[in-house]
Amino acid sequence: MIKRENKSVKLEFGTGDICVAGGYIEQEKGYKIGVVIFANQEPREIGSPGIIKAGEVNLDDYHVIMTFSKKESIDVVIRKLEEAKSFME
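Residues numbered from 1 in each chain as written. Predicted model: local features only at pLDDT ≥ 70, side-chain atom pairs only at ≥ 80, totals over all residues. Heavy atoms only, no water.

**Q** Mind showing me how you'd approach the pattern of salt bridges here?
**A** Between side chains of opposite charge, pairing is possible as soon as their charged atoms come close. Evaluated as defined, the whole model comprises 3 salt bridges. For Glu-12, the salt bridge goes to Lys-3, with nearest N and O atoms at 3.2 Å. Residue Glu-12 is classed as partly exposed on the basis of its relative accessible area of 28%. One network of salt bridges, in which partners are shared, links Lys-3, Lys-10 and Glu-12. (Salt bridge = Lys/Arg side-chain N within 4 Å of Asp/Glu carboxyl O. Buried < 20%, exposed > 50% of the residue type's maximum accessible area, 1.4 Å probe, protein only.)

Following this line, the structure appears as structure tokens:
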């Protein structure tokens, strides 16, 4: 569930109630920015198709948006997610 707490936004994963979708925004001259968006949804099996469908989306519709202008930044986030996962094992 995506929750606003004081000055921050908290994403609580584990019940299938956050839809996660990836894509890109095309900028001028063919430059692409990677995007990952998060939206609340009714709980469902984790990893099953969510409420966000492929195609164009309006970024103003989502509470949490991650944008990446360099692939290396995505690698850092992936490494930190893998690190958090390793602590849970």
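Let us keep going from here.
**Q** Which parts of the structure should I look at to understand the sheet that holds strand S5 (residues 64–68)?
**A** For sheets, the rule is that strands pair by backbone hydrogen bonds, running either parallel or antiparallel. Here 3 strands make up an open sheet; going across it, the order is S3-S4-S5 and the pairing antiparallel. Edge positions in the sheet fall to strand S3 (18–26) and S5, since each of these pairs with one other strand and no more. Ignoring which end each strand starts from, the neighbouring axes of this sheet average 20° apart. In this structure, strand S4 (residues 32–40) lies alongside S5, joined through 5 bridges in antiparallel fashion. Bridge pairing links Phe-38 to Val-64 in S5. (Pairing = 2+ DSSP bridges. Helix = DSSP H or I, 4+ residues; strand = E, 2+ residues; numbered from the N terminus. Axes fitted to C-alpha atoms, helices over the stretch in contact; angles between N-to-C directions.)

**Q** I'm lost on the nonpolar core in this one. Help?
**A** A general tendency of soluble globular proteins is for nonpolar side chains to be buried together. Core analysis: the largest hydrophobic core is formed by 7 residues, namely Cys-19, Ala-21, Val-35, Ile-37, Ala-39, Ile-52 and Tyr-62. Elements with a minimum of two residues in this core: S3 and S4. The leading source of residues in this core is S4, at 3 residues. Not counting chain neighbours up to four residues away, the residues in contact with Cys-19 comprise Ile-37, Phe-38, Ala-39, Gln-41, Gly-50, Ile-51 and Ile-52. (Core = buried A, V, L, I, M, F, W, Y, C linked by side-chain atoms within 4.5 Å. Contact = heavy atoms within 4.5 Å.)

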